[in-house]
Amino acid sequence: MSSIHGMPGHLVRRLHQISTSVFADRMAVGGHDVTPVQYAALATLADHPGIDQATLAGLIAYDRVTIGGVVDRLESKGLVERAVNDRDRRSRVLKLTGAGAALVTELAPVVAGLQDDILGGLDAGERARLMELLEKAASAGNALSRAPLVLPATTEE
């Protein structure tokens, strides 16, 4: 067996392949043409209506340039609409259309259900531990990413 098979980068890539394959298969079974990134954008817009593209990119840790194409495709599918930002007329805010909101509602349980398939072979405790470690590693390496996760500032009351 090659030495790459014990390297984190290789194993993360393999899990990404598995995740993408499982997601695509479930979407195809349901007759949906939605990619994992498109779903992430839709779900994030459901939680944060009226954000701009740069904020959306930060919230899903996606490249700011490439997110424009994702939004273009979602808009052409009638799932997202852009509007002029009232606070900055140079920027556009995003929100789900009725069809986009309905799709997120329909797909949320499907996406939640496929998560166990991505980590097949692990029991519930192992999955929880792996998730804890993945979150820790992703957080520690966030600044090294070309598309870091940028969470909204929280306000204390």
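Just above sits the structure.
Keep in mind that what you see is a predicted model, and the values were worked out from it rather than measured.

> How do you make sense of the pattern of salt bridges when you look at a structure like this?
Where charged atoms from two side chains of opposite charge come close, those side chains can pair. Using the criterion set out here, one finds seven salt bridges in the structure. Salt-bridge contacts for Arg-26 lead to Asp-117; the nearest nitrogen and oxygen are separated by 2.2 Å. Remark: Asp-117 occurs in helix H5 (residues 98–118) and Arg-26 occurs in helix H1 (residues 8–29); sequence separation between them is 91 residues. In this structure Arg-26 comes out as partly exposed when scored by relative accessible area, which is 31%. A single salt-bridge network, built from bridges that share partners, covers Asp-72, Glu-75 and Arg-82.

> Explanation requested: the sheet that holds strand S3 (residues 92–96) in the structure shown.
Sheet strands pair via backbone hydrogen bonds, and the direction of the pair is either parallel or antiparallel. Reading across from one edge, S1-S3-S2 is the order of the three strands in this open sheet, with antiparallel pairing throughout. On the outer flanks of this sheet lie strand S1 (51–52) and strand S2 (80–84), each paired with one strand and no other. Pairing of S1 with S3, which is carried by two bridges, proceeds in the antiparallel orientation. The partner of Asp-52 across the bridge, within S3, is Val-93.

> What is the right way to read the packing of H1 against H5 from this model?
Two numbers describe a pair of packed helices, the interaxial angle and the distance between the axes. Where H1 meets H5, the axes come as close as 10 Å, and the angle between the chain directions of the two elements is 140°. Accordingly, the angle class assigned to the pair H1 and H5 is oblique. When you trace H1 past H5, the crossing you get is right-handed. Where H1 abuts H5, its residues Leu-15, Ile-18, Ser-19, Val-22, Phe-23, Arg-26 and Met-27 lie against Leu-107, Val-110, Val-111, Gly-113, Leu-114, Asp-117 and Ile-118. Here the residues of the contact of H1 with H5 sort into 10 nonpolar, two polar and two charged.

Quick notes on the rules
Residues numbered from 1 in each chain as written. Predicted model: local features only at pLDDT ≥ 70, side-chain atom pairs only at ≥ 80, totals over all residues. Heavy atoms only, no water. Salt bridge = Lys/Arg side-chain N within 4 Å of Asp/Glu carboxyl O. Helix = DSSP H or I, 4+ residues; strand = E, 2+ residues; numbered from the N terminus. Buried < 20%, exposed > 50% of the residue type's maximum accessible area, 1.4 Å probe, protein only. Pairing = 2+ DSSP bridges. Axes fitted to C-alpha atoms, helices over the stretch in contact; angles between N-to-C directions. Parallel < 35°, antiparallel > 145°, perpendicular 65-115°, else oblique. Left-handed = near helix turned anticlockwise from the far one by under 90°. Contact = heavy atoms within 4.5 Å. Nonpolar A, V, L, I, M, F, W, Y, C, P; charged D, E, K, R; others polar.

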